[in-house]
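# Breakdown of the fold
Residues per chain, in single letters:
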Amino acid sequence: MSTHTVTLIPGDGVGPEVTDAARRVIDAAGVAIDWEVAEAGAEVFRNGDSSGVPRETRDSIERTRVALKGPLETPVGFGEKSANVTLRKLFETYANIRPARQLPGVPTRYDGEGVDFIVVRENLEDLYVGVEYESTRDVAVALKIISRRGSEKIIRYAFELAEKEGRQKVTVATKANILKHTEGLFKKVGEELAAEYPGITHEHLIIDNVAHQMAKNPAQFDVIVTTNLAGDIISDLASGLVGGLGFASSGNYGDEVAIFEAVHGSAPKYAGKNVINPTALILSSVMMLEHLGESEAARRIEDAVHVTLEAGAVTLDVARATGDVEHATSTSGFADAIIGNLGRQPANRYPTKAGARTGEVPAPRRRWSYGETRAVDTAIHGVDVYVEADIEPEVLGGLMEAAAGPDFTLELISTRGTLVHPPTGGRMQSVAWWCCRFIPASSDTTDDAAIGALVGRVGATVTWTQIQKLRRYAGNEGFTRAQG
Ligand code: NAD
């Protein structure tokens, strides 16, 4: 039997309790693992490391390529960034896989409907890049980054996963109706890739409709692939459909490294009380064992979890929901029960959508188009100059028309995405932050020197905060028009 080396991060709050439970179950299942215990999270921040992930922990994961981690506390609002997100980014774990499946003995509103789907969440891009600016004292801006490469990797991952598990449908979920360039790119890549997987049904749904459909009829979903923030939210919603965060497992997969963790956080109010539900991390460990090639042990643990739940053992989270708090099992007691049930088979095997599509699984296609040069005719349409000015838009309009000079024309002024100059008759309130769109007076005035001079003239009148070139690709506008 080969021995695996795995980095174990106990984490914050209830982390040490759930990681201890998971580790005991894995060890009892007879998988030989050398655990490299490593630190990350609150204590690391307190000791002055603003990343929350010390060098030794990074080195350990670099060596082992696999980590099992407890939740890490994130300072809210200001200061340090999330150590969880840092870990995902450091090791390029671009695919966050979150299954949502009805479990035996866990009461839900959808009992017997056959809920069994997987949320495939893009893990590195979108608003989670965490690039924000306080553009003025009262206006904050965040960058939402969606790349063709990132979209292709995650959407391909979703199709490959569906193919590997014999699932029938991939739902690409976006907000492309509003965010046509960012979410729109994700949707487009989904359509392009779907053509390569003719055996799998592809659909696109708007993310708010996914939330609606998930509450109404969650059994319709099979594999859902979506952008980072939407994936964060709908996967928490998904966990609520199948018993709550106590049961929600996840894996973060990259080309080289995989990190397994529960979806839930550090639940600080329960820390040290031995009452939290360890199932989520134990099921994440099942995903880890699959990844390590220990499928047989993974099945044994999953079966033992199901047998334990079938027998009616529940932790406080479920006992509260059923009004039977007195009979709640402790965290360690629940892990003991699972260990005691290793080798037993559940009475009922819950239906799964995996295997619904039969036939030979084609070899994975690992072709990323980002490696190819996409020769596209590119042209400059104009430039947006964002300015701070606590004045009426008509007054600003006069100033900017003058600042346009001989080389540019002021096309419009918008604020928060809505046109205010030329006046539209709308009632958009000022937040003293405006986007002034200039277009070249002739095609030979679009060089950087001309743009620099324009910004200089604007800056001589009002404070500019940001400049953005407007580009056309193959004649298509690579920017949004102002609303109205
Ligand atoms: P949380 O997941 O810790 O708790 C949300 C609710 O779910 C609470 O009522 C909690 O008691 C309950 N809950 C969570 N896990 C449970 C379990 N295993 N069994 C039973 N009930 C459970 O979310 P939060 O309160 O928003 O966050 C607390 C801290 O955790 C924050 O610092 C947050 O940033 C961090 N966090 C970390 C991760 C991670 O490490 N991946 C994920 C989410 C939140």
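In what follows, the accompanying structure is described. (Residues numbered from 1 in each chain as written. Predicted model: local features only at pLDDT ≥ 70, side-chain atom pairs only at ≥ 80, totals over all residues. Heavy atoms only, no water.)

Within the protein chain one finds 14 helices and 18 strands. Dimensions of the protein chain along its principal axes, counting C-alpha atoms only, are 80 × 55 × 45 Å. When each of the 484 residues of the protein chain is scored for burial, the buried share is 50%. Taking the contacts inside the protein chain whose residues are at least 6 apart along the sequence as the reference set, 77% of them involve residues at least 24 apart. Put simply, the protein chain shows about 22000 Å² of open surface, and 50% of that area lies on carbon and sulfur atoms. (Helix = DSSP H or I, 4+ residues; strand = E, 2+ residues; numbered from the N terminus. Buried < 20%, exposed > 50% of the residue type's maximum accessible area, 1.4 Å probe, protein only. Contact = heavy atoms within 4.5 Å. Areas by Shrake-Rupley, 256 points an atom, 1.4 Å probe, with all protein chains shown as cover.)

This brings us to a nonpolar patch on the surface. Together, Leu-127, Leu-229 and Ile-233 line one region of the surface with nonpolar side chains, adding up to about 240 Å² of accessible area. As for its position among the elements, Leu-127 is in the loop between strand E5 (116-122) and strand E6 (132-134). According to the relative accessible area criterion, Leu-127 is partly exposed, its value standing at 33%. (Patch = residues over 30% accessible without salt bridge, like charges linked within 9 Å, V, L, I, M, F, W, Y side chains within 5 Å. Salt bridge = Lys/Arg side-chain N within 4 Å of Asp/Glu carboxyl O.)

With the rule as written, the count across this model stands at 6 aromatic pairs. With a centroid separation of 6.1 Å and an interplanar angle of 85°, the aromatic rings of Tyr-94 and Tyr-157 are classed as edge-to-face. Note that Tyr-94 is positioned in the loop between helix H4 (83-90) and strand E4 (95-101) and Tyr-157 in helix H5 (residues 148-165), a separation of 63 residues in sequence. Tyr-157 matches Tyr-94 in its accessibility class, with the two residues each being buried. Among the aromatic side chains, those forming a connected cluster through ring pairs are Tyr-94, Tyr-157, Tyr-253 and Phe-260. Its end group placed over the ring of Tyr-128, Arg-121 keeps NZ or CZ at 4.9 Å from the ring centre. (Phe/Tyr/Trp six-rings, centres within 6.5 Å; stacked < 30°, edge-to-face > 60°. Lys NZ or Arg CZ within 6 Å of the ring centre and 35° of its normal.)

This paragraph deals with the packing of helix H7 (residues 207-216) against helix H8 (residues 228-241). In the contact formed by H7 and H8, the axes pass within 11 Å of each other and the chain directions differ by 5°. Classified by the angle between their axes, H7 and H8 sit roughly parallel to one another. Across from Ile-207, Val-210, Ala-211 and Met-214 in H7, the residues of H8 making contact are Ala-230, Ile-234, Leu-237, Ala-238 and Leu-241. Classifying every residue of the contact of H7 with H8 by side-chain character gives 9 nonpolar, no polar and no charged. (Axes fitted to C-alpha atoms, helices over the stretch in contact; angles between N-to-C directions. Parallel < 35°, antiparallel > 145°, perpendicular 65-115°, else oblique. Nonpolar A, V, L, I, M, F, W, Y, C, P; charged D, E, K, R; others polar.)

Judged by pairing direction, the sheet is mixed, and its 10 strands sit side by side in the order E2-E1-E3-E12-E11-E4-E5-E10-E8-E9 without closing on themselves. Both edges of this open sheet fall to strand E2 (33-37) and strand E9 (201-206), since each of them pairs with a single strand only. In this sheet, adjacent strand axes meet at a mean angle of 25° when their direction is disregarded. Inspection of the sheet shows E5 paired to strand E10 (residues 223-226) by 4 bridges, in the parallel sense. Looking at the pairing, Val-120 lines up with Val-225 of E10. Helix-sheet contacts for helix H6 (residues 182-194) involve strand E8 (169-174), E9 and E10, and the interaxial angle to E8 is about 160°. Along the sheet face, H8 touches E4, E5 and E10 and points at about 155° away from the line of E5. (Pairing = 2+ DSSP bridges.)

Counting across every chain of the model gives 31 salt bridges. Across the salt bridge formed by Lys-144 and Asp-126, the nearest N and O atoms sit 2.6 Å from each other. Of this pair, Lys-144 sits in the loop between strand E7 (140-142) and H5 while Asp-126 is found in the loop between E5 and E6, placing the two residues 18 residues apart along the sequence. The exposure class of Asp-126 is buried, given its relative accessible area of 1%. Here Lys-175 ties to Asp-208 by a salt bridge, and the two come within 3.2 Å at their closest N and O atoms. Of this pair, Lys-175 sits in the loop between E8 and H6 while Asp-208 sits in helix H7, and the two are 33 residues apart along the sequence. In this structure Lys-175 comes out as partly exposed when scored by relative accessible area, which is 25%. Several salt bridges share partner residues, and in doing so they unite Arg-101, Glu-290, Arg-299 and Glu-302 into one network.

You can see Ala-311 is positioned in the loop between helix H10 (295-310) and helix H11 (316-322). The spatial distance from the C-alpha of Ala-311 to the C-alpha of Gly-105 is 7.6 Å, given a sequence separation of 206 residues.

With that out of the way, let us pick up the sheet that holds strand E17 (residues 463-473). Ordered by their spatial adjacency, 6 strands build an open sheet running E15-E14-E16-E13-E17-E18, and the pairing between neighbours is antiparallel. A strand with exactly one partner marks an edge of an open sheet, and here the two such strands are strand E15 (418-421) and strand E18 (476-477). Across 3 bridges, the pairing between strand E14 (residues 408-415) and E15 is antiparallel. Each bridged residue has a counterpart across the sheet, and for Ser-414 the counterpart in E15 is Leu-419. Lying on the sheet, helix H13 (residues 393-404) is in contact with strand E13 (378-388), E14, E15 and strand E16 (433-440); it crosses E14 at an angle near 155°.

Once that is clear, we can look at the site of the ligand. Taken together, 20 residues lie near the ligand, and Leu-72, Thr-74, Asn-84, Gly-265 and Ala-267 sit nearest. Separating an oxygen atom of the ligand from a side-chain N or O atom of Lys-69 is a distance of 3.5 Å. In the environment of the ligand, an oxygen atom lies 2.7 Å from a nitrogen or oxygen atom belonging to the backbone of Ala-267. Protein coverage of the free-state accessible area of the ligand, which is 810 Å², stands at 69%. Per-class residue counts for the shell around the ligand are 8 nonpolar, 7 polar and 5 charged. (Near = heavy atom within 4 Å. Polar contact = N/O pair within 3.5 Å; in protein donor to acceptor, adjacent residues only side chain to side chain.)

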